[in-house]
Amino acid sequence: MYDVIIIGGGAAGLTAAIYTTRRKLKTLVLSVDIGGQTNLTQHIENYPGYTELSGPKLMQVFEEQAKNFGAEIIFGKVTKIEKTDKIFEVRLANDEKYEGRTVIVTSGKVPRSLGISGEEKFMGRGVTTCAICDGPLYKNKKIAIIGGGNSALDAAEYMSKIASKVYLVHRRNEFRGEAVLVDRVKAAKNVELVLNSVPLAVNGDKFVSGLTIENAETKEKKDLDVSGVFVEIGYIADTSAVKDLVKLNSKGEILVDEYCETGTDGLFAAGDITNVPYKQTVISAGQGAVAGLQAYTYLQKLEGKTAVKADWGV
């Protein structure tokens, strides 16, 4: 029996684990990976305390801190969360079950798919959603990146140092990402901007050999000779495991209050899986801290104790 079970090993989940273990709560982190979406960023320059650090390295620091304070980490995909009386049962895809007095959902979001021909067929064989993970496999090759936000721009800058040619395909004429990233991509000589264009099909035999695109204005179609297609069009919330216990907004995100409470006693949520307006590592970490402290407060009240207050008062 755990005091706290945390779903997700990204910035929110690991921060929550740091705070719960420091309060001497028996804490379990269940996750498919460590780092979450922060792992997909090669350069982080806006996280306080670090002038420049890669996403994976920053998340390693988070993980080490959580483990040093006693957090237990088990890898697996959570498929179901149920509550009976005051106990939560969390089930993994392999049917393993864990019980906890509280649960903090910090599972973030999953990559959005293009929904075009060949995408699913060639996933892992030329189609990828992680430039940092798979980029080195495309050294000196031609690749296409789909998207116009920070993820796509970051991937384009990163891949410009690896691939021989990078096509950045975006359905609009302007980018939605940060200006500093746009400037870096435009400065890369081997990056070609393919604007006002949408992907129609991923082509190939056993592996990707090309991408068919269409101009959104002229409807002209053409094939790009590429061996890799990087899908960077954002993420969606996967709340299937907990949908019966929470309320969702129109985007499928979990609705929480300022204490990261979901409306179900003992169930909290933090980070990108929630309706927090800005999806940033520092914000997810902050929410994780709030959720961890509130889980502690909840358990103290269950035991008839008074939770420790901050020095600056009520």
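Look above for the structure.
Residues numbered from 1 in each chain as written. Predicted model: local features only at pLDDT ≥ 70, side-chain atom pairs only at ≥ 80, totals over all residues. Heavy atoms only, no water.

## Side note on the overall build of the chain
- Across its full length, the chain holds six helices and 17 strands.
- Relative to a compact globule of 314 residues, whose C-alpha radius of gyration would be 20 Å, the chain shows 21 Å and is just as compact.
- Dimensions of the chain, computed from the C-alpha atoms along their principal axes, are close to 70 × 40 × 30 Å.
- Scored against the burial criterion, the 314 residues of the chain give a buried share of 51%.
- Taking contacts inside the chain between residues at least 6 apart in sequence as the whole, the part at least 24 apart equals 59%.
- Accessible area of the chain: about 15700 Å², with a carbon and sulfur share of 48%. (Helix = DSSP H or I, 4+ residues; strand = E, 2+ residues; numbered from the N terminus. Rg over C-alpha atoms; globule rule 2.2 N^0.38 Å. Buried < 20%, exposed > 50% of the residue type's maximum accessible area, 1.4 Å probe, protein only. Contact = heavy atoms within 4.5 Å. Areas by Shrake-Rupley, 256 points an atom, 1.4 Å probe, with all protein chains shown as cover.)

## Describing the environment of Gly228
- Along the chain, Gly228 falls in strand E15 (residues 228-231).
- Sequence spacing of Gly228 and Leu211 is 17 residues, and the spatial spacing of their C-alpha atoms is 8.8 Å.
- When sequence neighbours within four positions are dropped, the list of residues in contact with Gly228 reads Gly126, Tyr138, Lys142, Ile143, Ala144 and Val208.

## Overview of the pattern of salt bridges
- Summed over all chains, the structure comprises 14 salt bridges.
- A salt bridge links Glu89 to Arg91, with the shortest nitrogen-to-oxygen separation between them at 3.5 Å.
- A relative accessible area of 22% places Glu89 in the partly exposed class.
- When the shortest N-O distance is used, the salt bridge between Lys305 and Glu303 registers 3.3 Å.
- For Glu303, a relative accessible area of 38% corresponds to the partly exposed category.
- Through salt bridges with shared partners, a single ionic network connects Asp3, Arg101, Glu303 and Lys305. (Salt bridge = Lys/Arg side-chain N within 4 Å of Asp/Glu carboxyl O.)

## Description of the packing of helix H1 (residues 11-22) against helix H2 (residues 55-68)
- Direction vectors running N to C along H1 and H2 enclose 25°, while the axes themselves pass 9 Å from each other. Comparing their axes, H2 and H1 come out roughly parallel. Considering the relative orientation of H1 and H2, their crossing is left-handed. Contacts from Ala11, Leu14, Thr15, Ala17, Ile18 and Thr21 of H1 reach H2 at Met59, Phe62, Glu63, Gln65 and Ala66.
- Partitioned by chemical class, the residues of the contact of H1 with H2 number seven nonpolar, three polar and one charged. (Axes fitted to C-alpha atoms, helices over the stretch in contact; angles between N-to-C directions. Parallel < 35°, antiparallel > 145°, perpendicular 65-115°, else oblique. Left-handed = near helix turned anticlockwise from the far one by under 90°. Nonpolar A, V, L, I, M, F, W, Y, C, P; charged D, E, K, R; others polar.)

## Brief notes about the sheet that holds strand E12 (residues 197-204)
- Taken in spatial order, the three strands line up as E12-E13-E14 in an open sheet, and their pairing is antiparallel. Here the strands that pair on one side only, and so sit at the sheet edges, are E12 and strand E14 (221-224). For this sheet, the mean inter-axis angle between neighbouring strands, taken without regard to orientation, is 25°.
- Where strand E13 (residues 208-215) meets E14, four bridges bridge the pair, whose relative direction is antiparallel. Within the sheet, the bridge partner assigned to Leu211 lies in E14 and is Leu224. (Pairing = 2+ DSSP bridges.)

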